[in-house]
Amino acid sequence: MAHAFAQSEAPNMMKNSKIYLTLSLVLLGVGIMAIVTRQADAMPLLYVPLPVGAVMFGLFLVSRVIGKEAEHFAEEQHQLEQATDSQARKH
């Protein structure tokens, strides 16, 4: 059961991590350009994309680590279920 869940969630986790990475790169780029071109001095709202981009990059890193751990856990559960099923069939 856990194996089927992990297989259905794996593409979503990879999609989410790609979205986080894309957003972080865009926001970091916008934030850095606003600071380098000194447009953020005229409009302080342009300081916001830089820390938001950093947070998105953190979410990207966390989602990648959790995604790999979820796949590993699902594989362990699948192996455990197979071992349990083979033990039940023997008895």
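Residues numbered from 1 in each chain as written. Predicted model: local features only at pLDDT ≥ 70, side-chain atom pairs only at ≥ 80, totals over all residues. Heavy atoms only, no water.

Draft legend 1. Structural detail: the overall build of the protein. Helix and strand content of the protein: 3 helices and 0 strands. Moving toward the C terminus, one meets the helices and strands of the protein in the order α-α-α. Burial status across the protein gives 15% buried among its 91 residues. For the protein, long-range pairs separated by at least 24 residues make up 65% of all intrachain contacts whose partners lie at least 6 apart in sequence. In the form shown here, the protein has an accessible surface area of approximately 6,800 Å², with 68% of it arising from carbon and sulfur atoms. (Helix = DSSP H or I, 4+ residues; strand = E, 2+ residues; numbered from the N terminus. Buried < 20%, exposed > 50% of the residue type's maximum accessible area, 1.4 Å probe, protein only. Contact = heavy atoms within 4.5 Å. Areas by Shrake-Rupley, 256 points an atom, 1.4 Å probe, with all protein chains shown as cover.)

Draft legend 2. Highlighting a nonpolar patch on the surface. Nonpolar side chains collect at one region of the surface, where Met43, Leu45, Val48 and Val52 lie side by side and expose about 350 Å² of accessible area between them. With respect to the element layout, Met43 can be found in the loop between helix 2 (39-42) and helix 3 (49-90). On the basis of relative accessible area, Met43 is assigned to the partly exposed category, the value being 47%. (Patch = residues over 30% accessible without salt bridge, like charges linked within 9 Å, V, L, I, M, F, W, Y side chains within 5 Å. Salt bridge = Lys/Arg side-chain N within 4 Å of Asp/Glu carboxyl O.)

This is a description of form; function is not addressed.
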